[in-house]
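# Per-entry structural report
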2 protein chains.
Amino acid sequence: MALDLRKQQVLEAIVECHIETAEPVSSRSIARKYNLGVSPATIRNEMADLEEIGLIRQPHTSAGRVPSQRGYRYYVDKLMKKTELTPREEKLIRAIFAKKVKVLADIIQCTLKAVTELTDYLVFLSGPYFENDVLKKIKIIQLMPGKALLVVMAETGWVHSKAIDLSSDITVDDLAYIELVLNHYFQGLTFKQITRTVLKDVYNELIKYRKTINHILEILEVVLQEEVKENLYLGGTNKILKQPEYSDVEEVRNLMNFIEREENLRMILQDADPYRVTVKIGEEIKSEQATKYSAVTAVYNAGGNIVGTLGLLGPMRMDYARAMTVVEHITRVLSEALSGEKVY
Amino acid sequence: MALDLRKQQVLEAIVECHIETAEPVSSRSIARKYNLGVSPATIRNEMADLEEIGLIRQPHTSAGRVPSQRGYRYYVDKLMKKTELTPREEKLIRAIFAKKVKVLADIIQCTLKAVTELTDYLVFLSGPYFENDVLKKIKIIQLMPGKALLVVMAETGWVHSKAIDLSSDITVDDLAYIELVLNHYFQGLTFKQITRTVLKDVYNELIKYRKTINHILEILEVVLQEEVKENLYLGGTNKILKQPEYSDVEEVRNLMNFIEREENLRMILQDADPYRVTVKIGEEIKSEQATKYSAVTAVYNAGGNIVGTLGLLGPMRMDYARAMTVVEHITRVLSEALSGEKVY
DNA sequence: CTTTAGCACTCATTTGATAGGAGTGCTAAT
DNA sequence: ATTAGCACTCCTATCAAATGAGTGCTAAAG
């Protein structure tokens, strides 16, 4: 589908104008705004051609043109120019991320905040998960009679700990033994493997500590799950209402319904390209409910490993250039925040 | 403001009918639905009286009546009958809370879920906070050279721990000494006191560990803050759209704007009565933006201490009986979940 | 004195017709 | 190949009239 230069210019004009105004774009307005050196009539002819190829469509006979899904795709792939953040905006991002002490939850909040400041789309991200992290060592440290601390140390340096209650007849020696067995079984495995290889193997080995081990394994599972679980965070629900497409409540409801089901968002995040910003337009999001939406996603990493994905969701009439820039920039900052200094 | 019985019946009818239909209530519809044994004309007379007292109003001349803020207040205080959850609903709640392993974050999620299942209002709660918890003991446990675990134990039995990185020239003895000093300073104080009494006192005492102590205090602060911080959680944003008042996007925007500012919600939660379910109607929520909303709140506790508040926010035409029942029930279940078994 | 039937009156809402206007497609001229 | 011109389409805004729900008032009945 090679378009001649002028058709490209017209398509670009239509897409950009429509992104800006949310209204169908007329031949006259293009002639006025963009200096193509031709009259509206000529543009109309080009438009008729573009419509025939299926890159734009007419909401009704006497209306201007609107890009079709394929039109947006063509625009994103071939015509769109990269934008940059303004220095002001970069500063804003730095300010948001410039918290002194870094707790994971805070970083995620910062991310949501930063993106909602920069765009009027829905933001969502799958929280860092470390299912491929390798378990280095488990420690069970008694704090006082009947109370101990379960410590899980990963190769990456992450340390997780949780308190456990013990029946008071468990001795320090018992704990040492349990620790030994747990390490014997789990050391060197990834978190994913541990949760999958039935924890019951260990259970049998330590059958004489029945009650205690039950409890410990339970806690261990919680700790591991916390690492492995790909949490989903969402923000910008109020910002999205600024988009004119959502001045109709029915549309708002649709959207809310869509994002309410976590699996929808997970699916969008799932097949993000690890090497570049991914754009999904309309039906490219494989969901019947999402045919009117577009999503822009990119992965972020911690210490070189991909640990999660950040996404924007908005109407198909999304400012793709802007969205891509923001997503790219924020995932980079986020990766830095997660990798550079230690995050607790 | 003593109303005779029939006026009360009429007011009750108007409120309940309006809560149900969201429409102005006419004299005829009351005569039809409620068997007051009088004609619409009589009811009209009563209505005129009620309007004069300011308990109901007329949106326009040829419309039915709508309860005023004071009308709702009268209804809630004097007329409303308590409702009960159905066995089905109770079962639903139990099912939602019946997770085996209890992580705090999960419990909060369950709470939000349960309430959104049971009502179509906004739910929000201030997360458990323990600023009055007393610090029992601090432990610093070395995990490996350059890495240690900071453990904070509270009188209530809650244990918090975080990993800390140390410069590798710190010995176990150093850590023991630091631990000693920290305990000396902080033992027996509430978390709130600790964060307020300048941590710098300790800093001076331990000046020779300068770098290390800096870091440890930083982490300690994070741990304490996590305890003290009254996190705010919000849910039901999509459910609220079911309310007919929000079929106008402008209304939705208003509402979103209101809930976007955390302090608004915090303020509502703040002055919840610790002994009973609190109802705030319209302007009783001291916010110009919230004159059309009502809120129902109740506190919940953990181990006998009040640790947070749960709230519902909806249009003034809220089903108060229902909302109060749900809030009361859920805070009870939540308190049980937080108190009964250990929560990790 | 209270209740109520009856009726006039009000006013939001719906309906339908009309005018206006934006935008296109086509044709013929450049 | 381009474009001016014009007919045509169809959305949208506007206005008047019709509709109807609901009230307030009055006068009669209980």
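Scroll up a little and you will see the structure.
What counts, and at which threshold
- Residues numbered from 1 in each chain as written.
- Chains lettered and ligands numbered in written order.
- Predicted model: local features only at pLDDT ≥ 70, side-chain atom pairs only at ≥ 80, totals over all residues.
- Heavy atoms only, no water.
- Buried < 20%, exposed > 50% of the residue type's maximum accessible area, 1.4 Å probe, protein only.
- Helix = DSSP H or I, 4+ residues; strand = E, 2+ residues; numbered from the N terminus.
- Pairing = 2+ DSSP bridges.
- Axes fitted to C-alpha atoms, helices over the stretch in contact; angles between N-to-C directions.
- Parallel < 35°, antiparallel > 145°, perpendicular 65-115°, else oblique.
- Left-handed = near helix turned anticlockwise from the far one by under 90°.
- Contact = heavy atoms within 4.5 Å.
- Near = heavy atom within 4 Å.
- Polar contact = N/O pair within 3.5 Å; in protein donor to acceptor, adjacent residues only side chain to side chain.
- Nonpolar A, V, L, I, M, F, W, Y, C, P; charged D, E, K, R; others polar.
- Least-squares fit on C-alpha atoms with pLDDT ≥ 70 in both.
- Salt bridge = Lys/Arg side-chain N within 4 Å of Asp/Glu carboxyl O.

Turning our attention to the pairing of strand β8 (residues 278-281) of chain A. Residue and element names in this part refer to chain A. Neither face of β8 is open: one carries Thr-278 and Lys-280, the other Val-279 and Ile-281, and all of them are buried. In terms of strand pairing, β8 meets strand β9 (residues 293-302) through 4 bridges, oriented antiparallel. The residue bridging Thr-278 from the neighbouring strand is Thr-297, located in β9.

What follows is about the packing of helix α6 (residues 104-118) of chain B against helix α13 (residues 320-339) of chain B. When two helices pack together, their arrangement is given by the angle between the helix axes and by the axis-to-axis distance. Residues and elements named next belong to chain B. Packing of α6 against α13 leaves a shortest axis separation of 11 Å and a crossing angle of 160 degrees. As judged from the angle between their axes, α6 and α13 are roughly antiparallel. By crossing handedness, the relation of α6 to α13 is classed as right-handed. Facing Leu-104, Ile-107, Thr-111, Ala-114, Val-115 and Leu-118 of α6, the residues of α13 in contact are Arg-322, Val-326, Ile-330, Leu-334, Ala-337 and Leu-338.

Our next topic: the side chain of B:Glu12. Residues and elements named next belong to chain B. Position of Glu-12 among the secondary structure elements: in helix α1 (residues 5-21). The buried category is assigned to Glu-12, whose relative accessible area is 15%. Beyond its immediate sequence surroundings of up to four residues, Glu-12 is in contact with Tyr-75, Leu-79 and Lys-81.

Glancing now at the sheet that holds strand β6 (residues 159-165) of chain B. Residues and elements named next belong to chain B. The strand order β4-β5-β6 describes an open sheet built from 3 strands, whose pairing is antiparallel. Single-partner strands in this sheet number two, and they are β4 (135-144) and β6. When strand polarity is set aside, the average angle formed by the axes of neighbouring strands in this sheet is 20 degrees. Two strands pair when backbone bridges link them, and strand β5 (residues 147-154) and β6 are joined in this way by 7 bridges, in the antiparallel orientation. Each residue of the ladder has a partner; that of Val-151, found in β6, is Ser-161. Across the face of the sheet, helix α10 (residues 210-228) comes into contact with β4, β5 and β6 while running at roughly 150 degrees to β6.

This brings us to the protein's contact with DNA strand C. Around DNA strand C, the surrounding shell holds 22 residues, and the nearest of these are A:Ser27, A:Arg65, B:Thr42, B:Thr61 and B:Ser62. Among the atoms of DNA strand C close to the protein, meaning within 4 Å, 79% are from sugar or phosphate groups. Note that a phosphate oxygen of DNA strand C is positioned 2.6 Å from one of the side-chain N or O atoms of A:Ser27. A distance of 3.0 Å separates a base nitrogen of DNA strand C from a polar side-chain atom of A:Arg44. Here the element with the most residues in the surface near DNA strand C is helix α3 (residues 40-53) of chain B; it accounts for 4 residues. Classifying every residue of the surface near DNA strand C gives 5 nonpolar, 13 polar and 4 charged.

This paragraph deals with the relation of the copies chain A and chain B. Its rotation angle being 180 degrees, the transformation that places chain A on chain B also includes 0.0 Å of axial translation and leaves an RMSD of 0.1 Å. Such a combination of turn and shift is consistent with a two-fold rotation axis. When you check the interface residues of chain A against chain B, 100% turn up at the interface there too, and the contact is symmetric in its surfaces.

What follows deals with the pattern of salt bridges. Close approach of charged atoms lets side chains of opposite charge pair. All names here are of chain A. For the structure shown, the criterion picks out 40 salt bridges over all chains. Glu-284 is the partner of Arg-73 in a salt bridge, and the nearest nitrogen-oxygen pair spans 2.4 Å. Of this pair, Arg-73 sits in helix α4 (residues 69-79) while Glu-284 sits in the loop between β8 and β9, and the two are 211 residues apart along the sequence. A relative accessible area of 21% places Arg-73 in the partly exposed class. We classify Glu-284 as partly exposed; its relative accessible area is 23%. Shared partners join several salt bridges into a network, and the residues in it are Asp-4, Arg-6, Lys-7, Glu-46 and Asp-49.

Taken together, 21 residues surround DNA strand D, and among them A:Thr42, A:Thr61, A:Ser62, B:Ser27 and B:Arg65 come closest. What you see for DNA strand D is that sugar and phosphate hold 81% of its atoms within 4 Å of the protein. Contacts to DNA strand D include A:Ser62, whose side-chain N or O atom sits 3.2 Å from a base oxygen. Counting residues per element, the ones that place at least two in the surface near DNA strand D are α3 (40-53) of chain A together with α3 of chain B. Broken down by element, the residue count for the surface near DNA strand D peaks at 4 residues, all from α3(A). Of the residues assigned to the surface near DNA strand D, the class counts are 5 nonpolar, 12 polar and 4 charged.

Nothing here speaks to function; it is all geometry.
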